[in-house]
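Working through the structure, step by step
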Amino acid sequence: MKVEELTAKVLNEHPNMDRYQLAIAVAKRCDELENGASSRLNVNTSSIKSADLALMEIAEGLIVVKGFTNKEK
C-alpha cells in the first residue's frame, strides 16, 4: 500500500487526528524502531524504511496513539 493510502486510512479511522499529529506519532515510532524496537508486522524489515514501517504499524492498528480517541456518536 502506498504512503498516501496508509495516511488516508489512519486519518479516516481517527477523524480527531490531523496529519501533523500523525506525523509526530510516526516520528516517535520511527525513533523507537531505529533504537532497536522490533517491528510488530510480519514483514522483512531490511528493505523497508523505518518511517514507512511505523506508518504501516499505525495503519494496521498495531500501534495505539495515546491521546487520540474516536468521538462517540
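Look a little higher up for the structure.
Read on for a plain summary of the structure.

Moving on, we get to the layout of surface pockets. Put simply, the largest pocket is a space of about 210 Å³. It is helix α2 (residues 19-34) that contributes the most residues to the lining of the largest pocket, six residues altogether. Taken together, the residues that form the lining of the largest pocket break down as seven nonpolar, one polar and four charged.

Between side chains of opposite charge, a pair can form when the charged atoms approach closely. Counting across every chain of the model gives three salt bridges. The residue Glu 32 makes a salt bridge to Arg 29 at a minimum N-O spacing of 2.9 Å. Placement of both Glu 32 and Arg 29 in helix α2 is noted, with a separation of three residues, approximately one turn of the helix. A salt bridge links Glu 57 to Arg 29; the shortest N-O distance between them is 2.6 Å.

Scoring rules and cut-offs
Residues numbered from 1 in each chain as written. Predicted model: local features only at pLDDT ≥ 70, side-chain atom pairs only at ≥ 80, totals over all residues. Heavy atoms only, no water. 1 Å grid on protein atoms, 1.4 Å probe; cavity = no way out; pocket = protein on both sides within 12 Å on 5 of 7 lines; lining within 4 Å. Points joined across faces, edges and corners; volume = space filled by probe spheres on them. Helix = DSSP H or I, 4+ residues; strand = E, 2+ residues; numbered from the N terminus. Nonpolar A, V, L, I, M, F, W, Y, C, P; charged D, E, K, R; others polar. Salt bridge = Lys/Arg side-chain N within 4 Å of Asp/Glu carboxyl O.

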